[in-house]
Amino acid sequence: MAEVEDCDVMLNYHGDFTKSDRKSSRYPYCIVWTPIPILSWVLPFIGHMGICTSSGIIRDFAGSYFVSEDNMGFGRPTKYWKLDVDKVYGNGATTWDKAVYDASEEYKCRTHNLCLDNCHSHVAMALNLMRYDNSTSWNMVNLCVLSFIHGKHVSWAAFLKTWLPFCMLCGILATFILTFNLR
């Protein structure tokens with residue numbers, strides 16, 4: 001009996017995803033995030049974003065005219081933000097999947113622009129199409145902020161992949177500043 005309770009606690013801690021789900025990068029109804037080398041080391045809230053279908057298949061705008069499926073542009077997700085399918089306007093899973101599909105098809109015809117039309121914009125379009133949380137004003141800025149706040153790391157290794165480079169750069173910078181100011 002105690003083993004069942006321990007398992008349930010772990011499932012709830014990891015957002016109802018089993019270890020095999022995390023290992024195969026299956027995150028149904030989630031926005032997923034992974035760091036972009038160098039850019040995320042300096043600004044850890046900026047990274048690469050994708051949105052998952054109801055079955056957990058990741059779709060991400062990985063470059064001009066290309067939306068990948070289950071192969072994120074910068075590696076496996078390190079964070080996920082599980083969304084509530086009941087907040088989708090319409091028929092739940094069907095509407096969710098159609099919105100992800102339609103946004104992906106639209107972004108297959110667009111050029112990638114790091115600052116203006118990027119992976120965050122792709123996810124925002126999907127959320128706008130499904131009218132998630134009764135809103136059509138999703139954009140890359142509020143997605144960046146909300147995923148930073150609500151996102152959960154998939155593992156300790158993912159946490160380190162996200163934060164260790166930033167902490168090391170801060171440590172090096174602090175060392176230089178203190179060295180030159182203490183002379």
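Residues numbered from 1 in each chain as written. Predicted model: local features only at pLDDT ≥ 70, side-chain atom pairs only at ≥ 80, totals over all residues. Heavy atoms only, no water.

Undergrad: Kindly report on the overall build of the protein chain, identifying the contributing residues and their values.
TA: Tallying secondary structure elements over the protein chain gives 7 helices and 6 strands in all. Across the protein chain, helices and strands are ordered from the amino to the carboxyl terminus as α-α-β-α-β-β-β-β-α-α-α-β-α. Per-residue burial for the protein chain yields a buried fraction of 38% across its 183 residues. Contacts in the protein chain between residues far apart in sequence, at least 24 positions, make up 63% of those at least 6 positions apart. (Helix = DSSP H or I, 4+ residues; strand = E, 2+ residues; numbered from the N terminus. Buried < 20%, exposed > 50% of the residue type's maximum accessible area, 1.4 Å probe, protein only. Contact = heavy atoms within 4.5 Å.)

Undergrad: Please provide a residue-by-residue account of the state of the cysteines, values included.
TA: Within the structure shown, the criterion is met by 0 disulfides. With no disulfide of its own, Cys170 lies closest to Cys167 among cysteine sulfurs, the gap being 6.4 Å. (Disulfide = S-S within 2.5 Å.)

Undergrad: Which residues make up the pairing of strand β4 (residues 66-69), and what values go with them?
TA: Sheet topology places strand β3 (residues 58-63) next to β4; 4 bridges connect them, and they run antiparallel. Note on β4: the bridge partner recorded for Phe61 is Val67. (Pairing = 2+ DSSP bridges.)

Undergrad: Break down the confidence of the model for the protein chain for me, with residues and values.
TA: Of all residues in the protein chain, 87% have pLDDT values of 70 or greater, and the mean over the chain is 88. Throughout residues 1-14 the model reports pLDDT below 50, and contacts reaching past four residues in sequence, or to other chains, amount to 7 contacts. (pLDDT = per-residue confidence, 0-100.)

Undergrad: Describe helix α5 (residues 119-129), naming the residues involved and giving the relevant values.
TA: Side chains of residues three or four places apart in an α-helix project in the same direction, reflecting 3.6 residues per turn. Burial analysis of α5 places 8 of its 11 residues in the buried class, the great majority of the element. Taking the backbone nitrogen of His120 as reference, a side-chain oxygen 3.0 Å away marks Asn118 as the first, capping residue of α5. Following α5 by one or two positions, Arg131 has its phi on the positive side, about 55°. (Polar contact = N/O pair within 3.5 Å; in protein donor to acceptor, adjacent residues only side chain to side chain.)

Undergrad: Can you lay out the nonpolar core for me, pointing to particular residues and giving the numbers?
TA: Formed by 24 residues in total, the largest nonpolar core has its most connected members in Ile31, Ile51, Trp96, Leu127, Met130, Tyr132 and Leu143. Taken together, the elements giving at least two residues each to this core come down to β1 (30-35), β2 (47-52), α4 (93-107) and α5. Those residues in contact with Ile51, other than ones at most four positions away along the chain, are Cys30, Ile31, Ile57, Ile58, Arg59, Trp96, Val100, His122, Val123, Ala126, Leu127 and Met130. Judged by nonpolar contacts, the second largest core, of 9 residues, contains Cys52, Met72, Val154 and Ala158. (Core = buried A, V, L, I, M, F, W, Y, C linked by side-chain atoms within 4.5 Å.)

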